[in-house]
Every structure is written in structure tokens, then in C-alpha cells.
Amino acid sequence: MADSTSDSSSVQSLQVDQSSEKKIDNNRFYALYSFNAQKFSDLGPSTDNASTSTVEQADGSLSLNIIATNLTATTETDLRKSIAQRLSKNCPKSGDGVFLSVGLHAAASVSASCYFCLIESTFDTLDFDLVSQEGKCSDIRPHEVQQFLVCFLSFQDSSLEQFRSDFDSYTQGLIPLLDKEPIVSPSLPQSFPEASCNSSFPIDPKELSQLSTRIHNYLEQWPYVVLEYLTRTIQYFGSGIQHLLYSALLNANLQINDATEEQEDDIRRFINCVSISSLVEQLQSSESVKIETCPEFNDLWLLQPIVITITLRQGQSVTFDKTYSCNFCTQASEKLLSFDPTNVSKIKDFLETIKLTFVHCLNKLKRFLKQAELDYYALYRSFSYLKKCGCGDMLLRYVKLDGGPETLSVLSVLETFIKDMKLTLM
């Protein structure tokens with residue numbers, strides 16, 4: 001609960017320890033392929049009664065040409081075959097990430113969590129056939145579309161699917177790097193009439209102008225960017241993470257001062273893992289409909305935005321403009337801090353649990369208040385629940401959003417009683 005005192009949370013140093021520095025992870029890998037869609041479709045689906053040699057030729061792995069990876073050759077071959085088999089069953093659209101568990105025999109038969117995504121990049125190109133005898137361009141084919149498949153693999157994390165939005169965003173960030181110098185394409189032989197600007201032929205890795213500079217580095221840093229922002233944020237705040245959890249559940253507008261771009265991005269992404277903003281938007285939308293259709297609801301309580309200021313002092317501590325916390329967030333933060341900070345899957349799962357538990361508490365209070373419209377004992381149960389749930393102040397804030405006149409009347413009685421008793425809902 002917010003008060004007027006200034007917070008000087010006992011938090012850990014903002015300096016991230018060496019274990020969180022950008023570096024190659026020995027348990028997390030990547031692979032980037034060019035994808036030959038025409039060649040893949042020509043192979044056709046494999047059948048269960050096909051011979052082993054036929055399956056090896058028709059599993060689609062030849063449609064994937066490795067461009068960059070930090071896997072060993074044998075492990076990469078296993079991975080490519082697993083992905084090709086998945087593509088043969090249901091090839092996703094470009095930009096649609098896919099998660100699967102793959103068993104790689106070359107890696108001591110250990111299953112790995114895998115994310116892969118087809119992406120497209122467009123290159124400028126000029127065909128000699130489109131140049132007239134006078135040496136003038138009669139027509140220029142401006143674009144050549146090349147498909148790629150990027151894969152991120154982890155032997156450390158039990159599940160990567162919890163990070164879907166992070167993976168999708170990171171994968172899109174790779175596309176601008178997949179460029180090459182404008183090329184002049186020679187006339188294609190008649191034996192390959194299907195080759196066109198949709199690029200039936202795989203790209204030569206040497207043509208990627210940033211392969212040795214930025215592409216490799218970008219792929220290597222995927223664990224740091226996609227997963228480890230959770231670890232870093234917990235390290236920024238230490239025990240003060242309870243205040244950040246409260247801010248997220250409060251759906252507050254954050255003002256972050258004196259933070260680097262990376263730190264601010266880490267904090268906001270952490271907030272999004274716990275935020276119930278989608279629920280708030282839904283409740284506010286329902287409220288707007290009621291006000292528009294029923295004039296008598298014009299005096300209903302409206303949710304007022306709360307602005308919370310966070311200051312990150314390099315090498316010192318994180319401070320909030322006020323003390324924002326409750327028992328619910330304190331207990332959640334204690335459990336969160338007890339986890340292995342490198343187990344990002346467990347951390348992400350627990351953050352989702354915090355959000356779901358809070359929503360469950362909100363729905364439970366709504367049920368009590370609905371019963372209290374006709375039952376005085378239910379009114380007492382509502383009061384008792386507000387005292388013991390550990391987040392009563394926030395629940396009161398949200399339950400008013402879609403409450404009808406009867407519910408608001410019950411809430412008015414409760415709030416008057418709480419104020420008269422000088423109780424603090426923690």
C-alpha cells in the first residue's frame with residue numbers, strides 16, 4: 001500500500017555480476033539456415049513404410065542449408081533432420097515461431113527445447129536478360145525474396161514456450177541484418193525454369209555482408225536478450241523486487257530515471273510478465289459500454305492512473321518515490337528470491353502464477369460482494385477476505401471497474417467501515 005514516506009529499499013547493487021555478462025552459453029545454441037521452399041515441396045511428404053535411405057533423402061533436410069551455428073556438425077545434422085520432419089508435417093507461415101522438443105542422438109540422447117521460425121529477407125537484384133542491347137535497362141526486377149530459418153536451442157531450460165513474445169521479437173530483429181550487396185543475376189539455365197525472384201536457390205552465405213560481423217554476434221546473444229532479462233532485473237532490485245511486483249499488479253505508469261537503455265528495457269519486460277493490463281482494458285471497456293448504454297451509470301467510479309517513479313543509481317541502489325507493497329507482493333518476492341536466478345523458466349512460470357493468483361483473488365472478492373447484496377453474512381466474509389488476502393487495497397481498486405450500483409453500494413459500506421476502524425489493508 002502506498003504511503004507518503006520516501007522509500008530507501010535495502011536493495012542489492014545495480015552492478016550485474018560477471019555471470020550475467022554477455023557471453024556464449026555452453027548449454028544454449030543457435031543455427032541459421034537458408035530455406036529452399038521449392039526444393040522442400042518437390043520432395044513431398046515421407047511415408048512410414050519408406051526405406052531408411054529414402055527417408056533420409058526425403059525428410060527435407062536438404063532444403064535447409066546451414067549458414068551459421070555454434071553446434072557441432074553431428075548435432076547440427078540431427079537438429080536439421082528434426083526440423084525438416086516437423087516442416088514436412090505442417091510448414092508454418094513466415095514469422096510464426098514454433099516450439100518443439102528434439103532428441104539429438106549426438107548430444108548423448110538428451111532432449112532439448114527448441115524454437116524455430118521461418119523469416120524472409122528482400123534483396124535488390126538485376127537480371128542480365130532485362131538489359132537491352134544498347135546497354136540500357138528496359139526493366140529492372142527490384143527484389144529477390146530469400147527465406148531463412150533461424151533456430152534457438154537450449155539443453156538447460158525446461159521450456160522455452162513461455163518466452164514466445166520475446167523470441168518472436170528477437171527473431172524479427174535479425175531480419176535487417178540478413179542483407180547482401182546488390183547483385184547482378186546471370187540468366188538462369190532452361191533446366192531450372194522454376195527458379196525466379198522467389199529464390200529457389202539457397203543463398204551463398206558469403207553473400208551476407210554482415211555474417212562475420214553482426215549476424216554471428218546477434219545469434220550468440222539470444223540467451224542474454226531473450227531469457228536473462230529476468231535474472232538481471234531481480235539483481236537490480238534485490239529485496240525491493242516486491243515494490244516492482246506491486247507496481248505491475250497496480251498497472252501503474254512507470255517513470256524510470258537514470259537507467260541505461262538496456263536496464264529500462266529489462267524492467268519493462270519484467271513488468272509485462274506480471275502486468276494485468278489486458279484485464280484492466282477489458283474491465284474498462286465493459287465500463288464504457290455500461291456508461292454509454294445506461295446513463296444512470298455515469299457516476300460509477302473510474303480507474304485513475306497512478307504514476308510511480310523509479311530511480312536507478314549506478315553502483316548504489318534502486319529507489320521508489322513512495323513505498324509500494326503489500327503482504328501478497330512481499331511473500332511472492334521472498335519466494336521469487338529463493339529461486340536459482342539462472343533458472344529463467346521457473347522464474348517466468350512463477351511470475352505467471354503471481355498474476356493468475358491475483359486474478360483469482362479478484363474474482364473471489366467479486367463473488368463475495370455479489371452475495372453480499374442480499375446476505376449480510378457475505379458482507380462480513382467480504383470484509384474478512386479483504387483483511388487476509390494480502391492485497392485488499394488493490395482488489396478494491398479493480399473490483400469497482402465493472403461493479404453495478406448494488407455492488408458499489410456494498411463497497412461503500414465496506415470502505416466506510418474500514419476507514420472508521422482505521423484499518424490498513426496489507
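Preceding block: the structure.
Model, not experiment: these values are computed from the prediction.

Student: Any details on the overall build of the protein? Residues and values, ideally.
Tutor: Looking only at helices and strands, the protein features 15 helices and ten strands. Across the protein, the fraction of contacts at a sequence separation of at least 24, relative to all contacts at a separation of at least 6, is 77%. Just so you have it, the protein exposes about 21,400 Å², and 50% of that area is on carbon and sulfur atoms.

Student: Could you give an account of the packing of aromatic side chains, naming the residues involved and the relevant values?
Tutor: All chains considered together, the criterion is met by 18 aromatic pairs. With 6.0 Å between their ring centres and 55° between their planes, Phe152 and Tyr170 make a pair best called tilted. Taken as a pair, Phe152 in strand β6 (residues 144–154) and Tyr170 in helix α4 (residues 164–174) lie far apart in primary sequence, 18 residues in all. Plain terms: the ring middles of Tyr246 and Tyr324 are 6.3 Å apart, the flat faces sit at 35° to each other, and that makes the pair tilted. Remark: Tyr324 occurs in the loop between β10 (318–320) and α11 (327–338) and Tyr246 occurs in helix α8 (residues 241–249); sequence separation between them is 78 residues. Relative accessible area serves as the criterion here: at 3%, Tyr324 is assigned to the buried category. An aromatic cluster is defined as three or more aromatic residues linked by ring pairs; in this entry it consists of Phe99, Tyr115, Phe152, Phe167, Tyr170, Tyr218 and Trp222. Looking at Arg269, its charged tip hangs above the ring of Tyr229, at a distance of 3.9 Å from the centre.

Student: Let's hear about the sheet that holds strand β9 (residues 307–312): which residues, and what values?
Tutor: Spatially, the three strands line up as an open sheet ordered β8-β9-β10, and their pairing is mixed. Lying at the two open borders of the sheet, with one neighbouring strand each, are β8 (253–257) and β10. Going from strand to strand, the sheet's axes swing by 20° on average, the running direction of each strand aside. Note: β8 against β9, five bridges, orientation parallel. Looking at β9, one finds that Ile256 is bridged to Ile310.

Student: Outline the pattern of salt bridges, supporting the account with residue identities and numerical values.
Tutor: For the coordinates displayed, the defined rule picks out 13 salt bridges. Of the charged contacts, one joins Asp166 and Lys348 as a salt bridge, the two residues approaching to 4.0 Å between their closest N and O atoms. Within this pair, whereas Asp166 is found in helix α4, its partner Lys348 is found in helix α12 (residues 344–372), the two being separated by 182 residues in sequence. Under the relative-accessibility criterion, Asp166 is labelled buried at 11%. The buried category is assigned to Lys348, whose relative accessible area is 11%. Salt-bridge contacts for Lys400 lead to Glu415; the nearest nitrogen and oxygen are separated by 2.6 Å. Linking Lys400 in the loop between α14 (392–399) and α15 (405–420) with Glu415 in helix α15, this pair joins segments that are 15 residues apart in sequence. Since its relative accessible area comes to 11%, Lys400 is described here as buried.

Cut-offs and rules
- Residues numbered from 1 in each chain as written.
- Predicted model: local features only at pLDDT ≥ 70, side-chain atom pairs only at ≥ 80, totals over all residues.
- Heavy atoms only, no water.
- Helix = DSSP H or I, 4+ residues; strand = E, 2+ residues; numbered from the N terminus.
- Contact = heavy atoms within 4.5 Å.
- Areas by Shrake-Rupley, 256 points an atom, 1.4 Å probe, with all protein chains shown as cover.
- Phe/Tyr/Trp six-rings, centres within 6.5 Å; stacked < 30°, edge-to-face > 60°.
- Buried < 20%, exposed > 50% of the residue type's maximum accessible area, 1.4 Å probe, protein only.
- Lys NZ or Arg CZ within 6 Å of the ring centre and 35° of its normal.
- Pairing = 2+ DSSP bridges.
- Axes fitted to C-alpha atoms, helices over the stretch in contact; angles between N-to-C directions.
- Salt bridge = Lys/Arg side-chain N within 4 Å of Asp/Glu carboxyl O.

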